[in-house]
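Each chain, written out:
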Amino acid sequence: VLVRVQPVHPAHAAVREFYRDFRSRLFSIIEVVPPDAPQSIEAVIDKGRKAGAKTISDQKPPSKAATSPTKPTRYVYADQDGALQFADSLEQVPAAYRASAEPLED
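Residues numbered from 1 in each chain as written. Predicted model: local features only at pLDDT ≥ 70, side-chain atom pairs only at ≥ 80, totals over all residues. Heavy atoms only, no water.

*Asks:* Help me understand the nonpolar core in this model?
*Replies:* Note that soluble globular proteins tend to have their nonpolar side chains buried in a common cluster. Ranked by size, the top nonpolar core spans 6 residues in total: Y75, Y77, A87, V93, Y97 and A101. Among all residues touching Y77, those that are not within four sequence positions of it are A83, L84, Q85, A87, V93, P94, Y97 and A101. (Core = buried A, V, L, I, M, F, W, Y, C linked by side-chain atoms within 4.5 Å. Buried < 20%, exposed > 50% of the residue type's maximum accessible area, 1.4 Å probe, protein only. Contact = heavy atoms within 4.5 Å.)

Written out as structure tokens, the structure is:
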């Protein structure tokens, strides 16, 4: 708070100046960013390209088969009362209605 608020007293200004000086000296000692670190995003991209890393534009988009697992086919059929019934597989449809069961589309 003392660093962000404008000083209203000479003691406050002295504390603020001390803290800023101390912080800058401390950060210069403990090297927060390595000296060989890229200084911009473009430098990071260039460093990756030189190392042979593939960029997003170099990669092929995954095929539909690879991205979505095959969903089981659901079936719909009408029972003896004419009510629509749904089943997650053809095996769940009663034997009497399997011939009339129709697969559902997406």
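*Asks:* Teacher, can you tell me more about the sheet that holds strand 3 (residues 102–103) here?
*Replies:* Where strands meet in a sheet, backbone hydrogen bonds hold them as pairs that are either parallel or antiparallel. With respect to topology, 3 strands assemble into an open sheet ordered 2-1-3, the strand pairing being antiparallel. Unpaired on one side and paired on the other, strand 2 (84–87) and strand 3 mark the two borders of the sheet. Note: strand 1 (residues 75–78) against strand 2, 4 bridges, orientation antiparallel. Bridged to Y77 within strand 2 is Q85. (Pairing = 2+ DSSP bridges. Helix = DSSP H or I, 4+ residues; strand = E, 2+ residues; numbered from the N terminus.)

*Asks:* Would you mind going over the pattern of salt bridges with me for this structure?
*Replies:* Pairing between side chains of opposite charge can happen when the charged atoms of each approach one another. All told, the structure shown has 2 salt bridges when counted by the stated rule. Among the ionic pairs, D88 bridges to R74, the shortest N-O distance being 2.9 Å. Separated by 14 residues along the polypeptide, D88 in the loop between strand 2 and strand 3 and R74 in the loop between helix 3 (64–67) and strand 1 bring together distant segments of the chain. Taking relative accessible area as the criterion, R74 reaches 38% and is therefore assigned partly exposed. (Salt bridge = Lys/Arg side-chain N within 4 Å of Asp/Glu carboxyl O.)

*Asks:* In this structure, what is going on with the environment of Q80? I would like to understand it.
*Replies:* Its place among the elements puts Q80 in the loop between strand 1 and strand 2. Residue classification places Q80 among the exposed positions, given a relative accessible area of 65%. Taking C-alpha positions, Q80 is 9.0 Å from Y97, a pair spaced 17 residues apart along the chain.

*Asks:* Help me understand a nonpolar patch on the surface, please; the structure alone is not making it clear to me.
*Replies:* On the surface, F18, Y19, F22, L26, F27, I29 and I30 cluster together into a nonpolar patch covering about 750 Å² of accessible area. Considering the arrangement of structural elements, one finds I29 in helix 1 (residues 10–29). Residue classification places I29 among the exposed residues on the basis of a relative accessible area of 66%. (Patch = residues over 30% accessible without salt bridge, like charges linked within 9 Å, V, L, I, M, F, W, Y side chains within 5 Å. Areas by Shrake-Rupley, 256 points an atom, 1.4 Å probe, with all protein chains shown as cover.)

Without other data, these values stay purely geometric and don't point to any function.
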